[in-house]
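Remarks on the overall topology
The residues making up each chain are set out below.
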Amino acid sequence: MNYIDSQLVFSQLDAKDSTDVISQLADALYKHGNVNADYKQAVLDREKVYPTGLPSGEICVAVPHTDVKYVKKSAIVFASLKKAVDFANMADKSQTVSVRFVAMLAMKEPHSQVTLLQNLMQLFQNQEYLEKLIKIDDSEKLYGELKDYFK
Amino acid sequence: MKKIIVACGAGVVTSTTAMNKLNEELQARGYEEGQDYKLIQTSVQSVASMADEADMAITTTQYDNDEIKIPVINGLPLLTGIGADSVIDKVEELIKG
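Here is what the cut-offs are and how they apply
- Going along each chain's sequence as written, the residues are numbered from 1 onward.
- Going through the entries in the order they are written, you letter the chains from A and number the ligands from 1.
- Whole-chain, interface and lining totals are the exception, using all residues; otherwise, since this is a predicted model, local features are given only for residues with pLDDT of at least 70 and side-chain atom pairs are given and counted only at 80 or more.
- Working from all heavy atoms in the structure, the side-chain values ignore hydrogens and water.
- Only protein chains enter the accessibility calculation, which uses a 1.4 Å probe; a residue whose area is less than 20% of its type maximum is buried, one above 50% is exposed, and one in between is partly exposed.
- A run of DSSP states H or I qualifies as a helix once it reaches four residues; a run of E qualifies as a strand once it reaches two. Both are numbered from the N-terminal end.
- Working rule for contacts: check all heavy atoms of both residues, and any pair within 4.5 Å makes them a contact.
- Here, a strand pair is defined by DSSP locating no fewer than two bridges between the strands.
- Axis definition: a line fit to C-alpha positions, over the contact stretch in the case of helices; interaxial angles, taken between N-to-C directions, run 0 to 180 degrees.
- In this description, one arc is meant: the one made by directions from the helix axis to the C-beta atoms.
- Distance and chemistry together define a polar contact, namely a pair of N or O atoms within 3.5 Å, with one atom able to donate a hydrogen and the other to accept it when in protein, and with adjacent residues in sequence counting only for side-chain atoms on both sides.
- Buried surface area refers to the total accessible area, computed with a probe of radius 1.4 Å, that the two partners give up upon joining, counted for both partners together.
- We define a salt bridge as a contact between a side-chain nitrogen of Lys or Arg and a carboxyl oxygen of Asp or Glu at a distance within 4 Å.
- An angle below 35 degrees is treated as roughly parallel, one above 145 as roughly antiparallel, one from 65 to 115 as roughly perpendicular, and anything else as oblique.
- Just so you know the grouping, Ala, Val, Leu, Ile, Met, Phe, Trp, Tyr, Cys and Pro go in nonpolar, Asp, Glu, Lys and Arg go in charged, and all remaining residues, Gly too, go in polar.
- In these notes, a set of buried Ala, Val, Leu, Ile, Met, Phe, Trp, Tyr and Cys residues joined through side-chain atoms within 4.5 Å is what counts as a nonpolar core.

**Topic: helix 2 (residues 39–49) of chain A**
All of the buried residues in helix 2 of chain A are Tyr39, Ala42, Val43, Leu44, Arg46 and Glu47 of chain A. Buried residues belonging to helix 2 of chain A abut helix 1 (18–31), strand 2 (53–54), strand 4 (75–89) and strand 5 (92–106) of chain A.

Okay, structure coming up:
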């Protein structure tokens, strides 16, 4: 699964709000050469208009992303959060969801990676496994779990 | 044949996932894409301009537009799985006409 990279998996990310989460993860993607310099602002802007918090159950997740034109090489950056951070609900901007796990998507092709996205949504529905993932306090170990899961 | 718009913010990520789930579930209920129904993927900005040619719109994002004449349903359950059956039920009702 080459969309997942050990350099792009963070366990117990310390962030004060959703903007901080997105900024840190976008910086990682930029440093890793996956996105161009405008990607971060584009994701932040889009998150305001079309938020990505998903009320997936006990453990809620967020999937920030933006237009394909900012992406150079497809990747997903994963982060479990040290403490929950509020994201607006995708289906209702007036509500927030308390997010513990984030998968930020950098997709180069529209309408692609259907299997990957489907697996990602299955992961979010597998709350028991998510519970296990958010307890891992080592990024390398979290990477190992995710790599196996998406194999 | 019923035409159903599936839309999300950018028309890239979540609508792809929602469409795939919808196809899977409708096929499991014995409906054929291209015969019983057709899915049209787009971004929410384009829903209004495409609504004339469609029978229903499913959006994963919030969608407020009183002008629109076709039913618009929230497709978030297709992503989270929570309440997905009731979304599929509504689509099935439309297809059965």
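After presenting the structure, the write-up continues.
**Here's the deal with the pairing of strand 5 of chain A**
Residues and elements named next belong to chain A. As paired elements, strand 3 (residues 60–62) and strand 5 share 3 bridges and run parallel to each other. Note on strand 5: the bridge partner recorded for Ala62 is Val102. Relative to strand 5, strand 4 runs antiparallel, the two sharing 11 bridges. Looking at strand 5, one finds that Ile76 is bridged to Leu105.

**Points about unusual backbone geometry**
For residues other than glycine, phi is negative in most cases, and the peptide bonds are mostly trans. In this structure, Gln12 of chain A takes a positive phi of about 55° despite not being glycine. Within the secondary structure layout, Gln12 of chain A lies in strand 1 (residues 9–13).

**Structural notes on the sheet that holds strand 1 (residues 2–8) of chain B**
All names here are of chain B. The 4 strands lie next to each other as 2-1-3-4, forming an open sheet whose pairing is parallel. The open sheet is flanked by strand 2 (37–43) and strand 4 (72–74), the only strands paired with a single partner. Within this sheet the neighbouring strands show an average axis-to-axis angle of 25°, counted without direction. Inspection of the sheet shows strand 1 paired to strand 3 (residues 56–59) by 4 bridges, in the parallel sense. Among the inter-strand pairings, Ile5 is bridged to a residue of strand 3, identified as Ala57.

**With respect to helix 5 (residues 139–149) of chain A**
Residue and element names in this part refer to chain A. What helix 5 keeps buried is the set Leu142, Tyr143 and Leu146. Down the axis of helix 5, the sector holding all buried residues measures 105°, keeping them to one side. Along helix 5, exposed side chains directed more than 90 degrees from the buried face belong to Glu140 and Lys141. Residues of helix 5 that are buried in the fold lie against strand 1, strand 4, strand 5, helix 3 (114–125) and helix 4 (127–135). Where helix 5 begins, the side chain of Asp138 points an oxygen toward the backbone nitrogen of Glu140, at a separation of 3.2 Å.

**A few points about the interface of chain B and chain A**
It is common to report an interface's size as the accessible area lost on association of the parts. The interface of chain B with chain A comprises 23 residues on the first partner and 25 residues on the second. Between chain B and chain A, the buried area comes to about 2,000 Å², and carbon and sulfur atoms account for 66% of it. The largest share of the area that chain B buries against chain A comes from Val12, Val13 and Gln62 of chain B, three residues that together contribute 26% of it. Taken together, the links from chain B to chain A amount to 0 salt bridges. Linking chain B with chain A are 5 residue pairs in polar contact (both at pLDDT 80 or more), by the criterion used here.

**Focus: the packing of helix 3 of chain A against helix 4 of chain A**
Residue and element names in this part refer to chain A. At a closest axis distance of 5 Å, the pairing of helix 3 and helix 4 adopts a crossing angle of 85°. Here helix 4 runs roughly perpendicular to helix 3, going by the angle between their axes. The segment helix 3 lies against helix 4, with Leu123, Phe124 and Gln125 engaging Gln127, Tyr129, Leu130 and Leu133. Residues belonging to the contact of helix 3 with helix 4 are distributed by class as follows: 5 nonpolar, 2 polar and no charged.

**Quick word on the nonpolar core**
All names here are of chain A. Core analysis: the largest hydrophobic core is formed by 53 residues, its most contacted members being Phe78, Phe101, Leu123 and Phe124. At 6 residues, the largest contribution of residues to this core is made by helix 3. Excluding residues that lie within four positions of it along the chain, Phe124 makes contacts with Leu54, Ser56, Val61, Val63, Phe101, Ala103 and Leu130. Residues Ala42, Ala75, Ala79 and Val97 belong to the second largest nonpolar core, which totals 29 residues.

The analysis is restricted to geometry; functional conclusions fall outside its scope.
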